[in-house]
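Topology and contacts: notes
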Amino acid sequence: MSTNTETPHTDSPANILASACPSRTVMRHLTDRWTPMIVAALSEEPTARFSELKDRIQGVSPKVLTQTLRSMERDGLVTRKVTAAMPPRVDYALTPLGTTLTAPMNALRRWAQDHMAEVLAAREKYDQKNAL
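The protein appears in an unreviewed UniProt entry as Transcriptional regulator, HxlR family from Rothia aeria F0474.

See the structure below:
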């Protein structure tokens, strides 16, 4: 695992708070609505077809799933393997880099599940206070 935090096109260290730092776009991709769910699905089922991912991740449209998988493939997080068949078979899997996301994403998933009741209670309290 690389510990170099310098950006590839500058001598400056990566800084997610700096507007021009490429790490900001990486963070945006990792925290979009669907990437964490794709990582979760592929960490539980290491290879999955598009239709299996769509069925497993409730609420995602085919268009958005396609866009997210392409973005993840571009970032080196998933592989797309096409097998010649009628119709062609397409399988997705996490890359070694993508696999490094499973622990932090699972930690966020556990946090969301463990604290769901507290967050919902806070929302209700906030909404009641601001409903005037």
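**Quick notes on the environment of Leu101**
Relative to the helices and strands, Leu101 resides in the loop between α5 (96–99) and α6 (102–114). Its relative accessible area of 11% is what places Leu101 among the buried residues. Between the alpha carbons of Leu101 and Lys54 there is a distance of 20 Å; along the sequence they are 47 residues apart. Apart from residues no more than four positions distant in its own chain, Leu101 is found in contact with Leu30, Val39 and Leu77.

**Digging into the layout of surface pockets**
If you add up the space inside the second largest pocket, you get close to 440 Å³. Forming the boundary of the second largest pocket are 15 residues, of which Pro36, Met37, Ala40, Arg109 and Gln113 lie nearest the centre. Contributing elements (two or more residues each) for the lining of the second largest pocket: α2 (35–44) and α6. Considering every element that reaches the lining of the second largest pocket, the biggest residue donor is α6, with six residues. The residue makeup of the lining of the second largest pocket, split by class, is nine nonpolar, three polar and three charged.

Thresholds applied
- Residues numbered from 1 in each chain as written.
- Predicted model: local features only at pLDDT ≥ 70, side-chain atom pairs only at ≥ 80, totals over all residues.
- Heavy atoms only, no water.
- Helix = DSSP H or I, 4+ residues; strand = E, 2+ residues; numbered from the N terminus.
- Buried < 20%, exposed > 50% of the residue type's maximum accessible area, 1.4 Å probe, protein only.
- Contact = heavy atoms within 4.5 Å.
- 1 Å grid on protein atoms, 1.4 Å probe; cavity = no way out; pocket = protein on both sides within 12 Å on 5 of 7 lines; lining within 4 Å.
- Points joined across faces, edges and corners; volume = space filled by probe spheres on them.
- Nonpolar A, V, L, I, M, F, W, Y, C, P; charged D, E, K, R; others polar.

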